[in-house]
Amino acid sequence: MKVLSAAIAAACLASCFQMASPARAAESDFLSQSRQLILSGKRSGEGYFGPQGRYLIFQSEREANNPFFQMYLLDFEKGEIQRVSNGVGKNTCGWIHPNQKQMMYSSTHADPASAALQKQELDFRASGQQRRYAWDYDPQYEIYSSDLSGQNPRNLTKTLGYDAEGSYSPDGKEIVFASNRQAYMGKLSAADQERLKIDPAYFIDLYIMNADGSHLRQLTKQGGYDGGPFFSADGSKIVFRRFNEAGDRAEIWSMNRDGSQPQQITDLGVMSWAPYYHPSGEYIVFATNLHGFGNFELYLVDAAGQKQPVRITDTEGFDGLPAFSPDGKQLSWTSGRTADGASQVFLARWNHAAALAALQVAPLKSASISSAPLKADRFQTTPAISATDLRQRIGYFASPELEGRLTGSAGEELATTYASQVFEQLGLQPAGDKNSFLQAFEFTSGISLGDNPRLAIGSKKYKQGQDWSPLVFSESGHFDGSEVVFAGYGLRAPSTGKYEEYDAYFHLDVKDKWVAVLRYWPENLPDEQRSELKRYAALRYKAMQARNLGAKGLIVINDQAQEPIAFRSQSTPGALSLPVISVSGQVAEQWFQAAGKDFNQIQKKLDDGQGVQGFSLSKAAISLDLELKRERKIGHNVLAQLTVPGATRTVVIGAHLDHLGQGASHSSLASTADAEQIHFGADDNASGSAGVLELAESLLQHRSELKQNVLFALWSGEELGLLGSSHFVEQQKKDFARRYSAYFNMDMIGRMQKALVLQGVGSSPLWKPLIEKQNLMLGLPLVLQDTAYLPTDVTSFYTNQVPVLNAFTGAHADYHTPSDTADKIEYEQMVPILQLLERLSLAVAREDRTPKYVQQVAPEQNQTRGLRVYLGTIPDYAGAEVKGLKLSGVSQGGPAELAGLQGGDVIVELNGKKIENIYDYTYAIDTLKIGKVASIVILRGNQRLSLAITPGSRK
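Residues numbered from 1 in each chain as written. Predicted model: local features only at pLDDT ≥ 70, side-chain atom pairs only at ≥ 80, totals over all residues. Heavy atoms only, no water.

Asks: Explain the overall build of the protein to me, please; I cannot follow it from the model alone.
Replies: When helices and strands are counted, the protein shows 20 helices and 55 strands. Projecting the C-alpha coordinates of the protein onto the three principal axes gives extents of approximately 105 × 75 × 55 Å. Counting the 955 residues in the protein, one finds 59% classified as buried. For the protein, the exposed surface amounts to about 37,900 Å²; the carbon and sulfur share of it is 48%. The protein carries 94 positive and 104 negative side-chain charges, and their two centres are separated by 4 Å. (Helix = DSSP H or I, 4+ residues; strand = E, 2+ residues; numbered from the N terminus. Buried < 20%, exposed > 50% of the residue type's maximum accessible area, 1.4 Å probe, protein only. Areas by Shrake-Rupley, 256 points an atom, 1.4 Å probe, with all protein chains shown as cover. Lys, Arg positive; Asp, Glu negative; His and termini not counted. Charge placed at Lys NZ, Arg CZ, Asp CG, Glu CD.)

So this is what it looks like as structure tokens:
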């Protein structure tokens, strides 16, 4: 019935490894006309209808002078909302009496310390800090009844202890509620007294009393949290949630009104809670995090608990605390699917017939849950770093079951679930979203072609995939009304001294016209000239030139094939602001013939270096309808913290958990024969991920020695461009370097050949003497590399002024291929590597200070192209969906910093060239000259700024 405590929200998903997936349907099958009902306030939740559906009572945080929940009553007939608690203390769990004249709720307003607690929390927030949200089982909570205006509140419980989560029986005669009052009556053992300090929820049981507070009876007496009770519509049953004694799992239970005949309804082995009967009494709706710690979804199950539960919602994030209207036609629930991610009350129409139909076809529970034993060996590890532990962990991460751990995939979900379980069992604090171990981030996972793409010239229609195809960086839309002109190879290259300027657009007006160009570059030119022209022959560059000259669109002739360039559904950063398509050589020949031109003859002239003036291919209007859908998915980091009381700084130990998945991708180096296989990623980077888990378990033995917190991080999206670690940094960029003192990363540490490579050593003067000292006893052969700009997650930290070290054992022939398997890992050799990293991280965490940070000169993007000009910009490689080039930082003392640029700026123009993405920026650098001032236009927040930058030379 509550947003859960830290221990509870970290619930173990063990049974995900041993059960079939529950029955499945679409959210739209059950919910329609969904809308955010409550819009005001920082957050709201627990909306419960009155007996005739006119009122909804809910809790919300919206009072300026009180940072805690207050109770509010929504009147659907009048369209009004009024506060019904007195504005003091913490308030929760409202319920309207069947007579519609009274209500009840739980409150701490009588606590003499309420005013001080409110001020303390307000001062804390005013300082710029923010607590991770967790429910407070305050022993000052009492249940009050009042009239519907909130007047004349009367204390019904009057007992020290958490008294809350109450609801009236349908006849209004009784109240069922949750309480841990027994724990405050002086009867606990010494061990239980200590447990009460850290886990008061463990002692919560269910009670029932008359509506006036008399005739109290205890209904449950089992160790573990029993809570969230509600009556069935006929008043004969009570449904509730029951946690195991460890507090890491919860199931749905029911019992008779008097507490007899308790029955377990669900058996999912995860966090299932907030149950509520449908008025028909035929089924129960509840919330569960079966799909990830931070991803609570609504499910329904038959009231007898005989069938497999059926999923209702499928929206990423929190969906919980469901409640039906009295007629069963509406469902209210609390959801984080808001624009800002804050939880608010939502309302939707409920399809009762669809619910019954789904349950009718749902398999029996006995047939859906496997009896296979829990794979406990994954958790039977020792505190010491050991090869046996590493073999178990890497064996699972790199198993066929996880299918290569592609970001946003089911395999990634299994990997993050397992890592979360390990962290939870170790007793580490969840450091992800909404008091969980998972931190979600959204990313572009691919590009797909929308319905009914159409290309026509005049009355002639062309077949997509056979005659033409779009390129993935094209703009979408409807385009027509202009002719097509031919511009040779579409190349524009400056004079090199030896070779004259090459300009395919010489004396050719292409403004508001479609431009057709050949795909590659002239074939028969001298090798040196051809090599120079290749630099300007990339399709994006040709499209950029056409765009800058005012063309309406670009048509690339795939002149050496009888089919267009194939459309590949894959992620690509930055669409251009014009349509770009490809046509086959056969289509091009038809166009040339219609224009009275010989295609082969003209191409031969161009290949021989002869000048060919551009010309019109068609006076007929071209018509294009094109939709490219940028598909979005959710990836997850796993974050857990070893918290040191009073510590203000944090050491981070991390590795990337994701890999390439199954099948061909732009990063795969597999042969054609193996391209469709699973890329297991045992060394890259199951080895580093297992190392993080081993260090988490081992460092717990040193908790008392630490003066800094230690954050253990498993990133996803590294293979797609450091997405997960970039998201983590972006979420808390303010004062980032003050809070995080150092980052230790492991990317491929499983196959040491000659030496362990430690990269990023130049990021702090501390590293070399510290490495020397800590390696004396271990004697590992080391190679030290200064650079901290690396194609792994250290870059996300280093560009935000945090010293970094990356451990790496070297590349091998199995890198990014399906042959990177667990049997090739050198498990025994990993042990001293991890021991060295443990010594290094401990040396930092034992001191209450931050290692000095050294700024290095950043390598410019694509310097392999031979660029001489240096600007000192550090692009944000996370692939943010912005028009322009976003910077994650600038090099200290470089031209960009001297010009006034800073991290977070978005470059939209350089030297008069429009910048829409990293490719535009790279090509624009070609136009700069060392020492000659150039203009640069940036977006900084809502400001557009024009600055002057003086390019420097590369050292």
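Asks: What exactly am I supposed to notice about the sheet that holds strand 23 (residues 330-335) here?
Replies: Sheets are built from strands paired through backbone hydrogen bonds, the pairs being either parallel or antiparallel. Judged by pairing direction, the sheet is antiparallel, and its four strands sit side by side in the order 1-24-23-22 without closing on themselves. Looking at which strands have only one partner, the edges of the open sheet turn out to be strand 1 (31-36) and strand 22 (319-324). With strand direction ignored, the average angle separating the axes of adjacent strands in the sheet is 25°. Where strand 23 lies against strand 24 (residues 344-350), six bridges are found, and the strand directions are antiparallel. By the bridge assignment for strand 24, Ser 332 is matched with Leu 347. (Pairing = 2+ DSSP bridges. Axes fitted to C-alpha atoms, helices over the stretch in contact; angles between N-to-C directions.)

Asks: Just checking my understanding: could you explain the pattern of salt bridges for this structure?
Replies: Tallying each qualifying case throughout the model produces 36 salt bridges. Of the charged contacts in the structure, one is a salt bridge between Arg 751 and Asp 814, with a shortest N-O distance of 2.9 Å. In this pair, Arg 751 sits in the loop between strand 44 (740-746) and strand 45 (756-759) while Asp 814 sits in the loop between strand 47 (804-808) and helix 18 (827-845), placing the two residues 63 residues apart along the sequence. Look at Asp 814 and you get buried, because its relative accessible area is 11%. Here the residues in one salt-bridge network are Arg 43, Glu 61, Glu 121 and Arg 125, joined through shared partners. (Salt bridge = Lys/Arg side-chain N within 4 Å of Asp/Glu carboxyl O.)

Asks: Teacher, can you tell me more about the side chain of Thr 92 here?
Replies: Turning to its location among the elements, Thr 92 is positioned in strand 6 (residues 91-96). A polar contact is formed between the side chain of Thr 92 and the side chain of Gln 59, at a distance of 2.6 Å. (Polar contact = N/O pair within 3.5 Å; in protein donor to acceptor, adjacent residues only side chain to side chain.)

Asks: What's the story with the packing of aromatic side chains in this structure? I'm lost.
Replies: As enumerated under the stated definition, the model contains 47 aromatic pairs in all. Centre to centre, the rings of Trp 273 and Phe 296 are 5.9 Å apart; their planes meet at 80°, and the pair counts as edge-to-face. Of this pair, Trp 273 sits in strand 18 (residues 272-277) while Phe 296 sits in the loop between strand 19 (283-288) and strand 20 (297-302); the two residues are 23 residues apart in sequence, bridging distant segments of the chain. The exposure class assigned to Phe 296 is buried, which follows from its relative accessible area of 6%. Considering the side-chain rings of Phe 736 and Tyr 740, the 4.7 Å spacing of their centres and the 35° angle between planes classify their relative orientation as tilted. In terms of burial, Phe 736 and Tyr 740 fall into one category: buried. Taken together, the aromatic side chains of Trp 715, Phe 728, Phe 736, Tyr 740, Tyr 743 and Phe 797 make up a single cluster linked through ring pairs. (Phe/Tyr/Trp six-rings, centres within 6.5 Å; stacked < 30°, edge-to-face > 60°.)

Asks: For this particular structure, what's the right way to read the packing of helix 8 (residues 410-426) against helix 13 (residues 682-699)?
Replies: How two helices pack is summed up by the angle between their axes together with the distance between the axes. Direction vectors running N to C along helix 8 and helix 13 enclose 5°, while the axes themselves pass 10 Å from each other. As summarised for this structure, helix 8 and helix 13 are arranged roughly parallel, according to the angle between their axes. Taken together, the residues of helix 13 that come into contact with helix 8 (itself represented by Tyr 418, Ala 419, Val 422, Phe 423 and Leu 426) are Val 692, Leu 693, Ala 696 and Glu 697. (Parallel < 35°, antiparallel > 145°, perpendicular 65-115°, else oblique. Contact = heavy atoms within 4.5 Å.)

Asks: Where do I start with helix 8 in this structure?
Replies: The periodicity of an α-helix, 3.6 residues per turn, causes residues three or four places apart in sequence to face the same way. Here helix 8 is 17 residues long and its end C-alpha atoms lie 25 Å apart, about the 24 Å a rise of 1.5 Å per residue gives. Helix 8 sits mainly inside the fold: 13 of its 17 residues count as buried. Sitting at the amino-terminal end of helix 8 is Ser 409, which places a side-chain oxygen 3.3 Å from the backbone nitrogen of Gly 411. Taken from the residues just after helix 8, Gly 427 is the one with a positive phi, measuring 85°. (Expected span 1.5 Å × (residues − 1).)

Asks: Help me out: how do you make sense of the pairing of strand 47 in this one?
Replies: Regular strands place side chains that alternate from one sheet face to the opposite one. The element strand 47 is largely enclosed, with a buried count of five among its five residues. Burial of the side chains of strand 47 extends over both faces: Val 804, Asn 806 and Phe 808 are buried on one face and Leu 805 and Ala 807 on the other. Alignment of strand 44 against strand 47, held across four bridges, turns out to be parallel. Across the sheet, residue Phe 744 finds its bridge partner in strand 47, namely Leu 805. In this sheet, strand 47 lies alongside strand 45 in antiparallel orientation, the contact comprising three bridges. Within strand 47, the residue paired with Gln 759 across the bridge is Asn 806.

Asks: Explain the pairing of strand 11 (residues 174-179) to me, please; I cannot follow it from the model alone.
Replies: Within strand 11, six of the six residues are buried, which leaves it mostly tucked inside the rest of the structure. Neither face of strand 11 is open: one carries Glu 174, Val 176 and Ala 178, the other Ile 175, Phe 177 and Ser 179, and all of them are buried. Two elements, strand 10 (residues 163-168) and strand 11, share four bridges in a ladder whose sense is antiparallel. The partner of Ser 167 across the bridge, within strand 11, is Val 176.

Asks: How should the sheet that holds strand 19 be read in this particular structure?
Replies: Taken together, the four strands give an open sheet; going across it, the order is 18-19-20-21, and neighbouring strands pair in antiparallel fashion. The sheet is open, and its two borders are formed by strand 18 and strand 21 (310-311), each paired with just one other strand. Note: strand 20 against strand 21, two bridges, orientation antiparallel. Within strand 21, the residue paired with Leu 300 across the bridge is Val 310.

Asks: Is there a simple way to think about the nonpolar core in this case?
Replies: Generally speaking, a soluble globular protein has its nonpolar side chains buried in company with each other. Judged by nonpolar contacts, the single largest core of 83 residues is most densely connected at Phe 30, Leu 300 and Trp 350. For this core, the element with the highest residue contribution is strand 19, accounting for five residues. Other than its neighbours up to four places away in sequence, Leu 300 contacts Phe 30, Tyr 283, Ile 284, Val 285, Phe 286, Pro 309, Val 310, Ile 312, Trp 350, Ala 355 and Leu 359. In terms of nonpolar packing, the next biggest core, distinct from the first, is built from 67 residues, Leu 414, Val 692, Ala 807 and Leu 840 among them. (Core = buried A, V, L, I, M, F, W, Y, C linked by side-chain atoms within 4.5 Å.)

Asks: Explanation requested: the environment of Asp 503 in the structure shown.
Replies: Along the polypeptide, Asp 503 turns up in strand 33 (residues 502-503). Each C-alpha atom of the pair Asp 503 and Tyr 489 lies 9.4 Å from the other, and the pair is 14 residues apart in sequence. Once you skip the residues sitting within four places of it in the chain, Asp 503 turns out to touch Leu 491 and Arg 492. Among the polar contacts made by the side chain of Asp 503, one reaches the main-chain amide nitrogen of Tyr 505 at a distance of 2.9 Å.

Asks: Just to check I follow, could you spell out the side chain of Glu 174 for this structure?
Replies: Summarising the element assignment, Glu 174 is placed in strand 11. For Glu 174, a relative accessible area of 11% gives the class buried. Of the polar contacts made by the side chain of Glu 174, one reaches the side chain of Arg 217; its length is 2.6 Å. For Glu 174, the side chain forms a polar contact with the side chain of Arg 257, separated by 2.8 Å.

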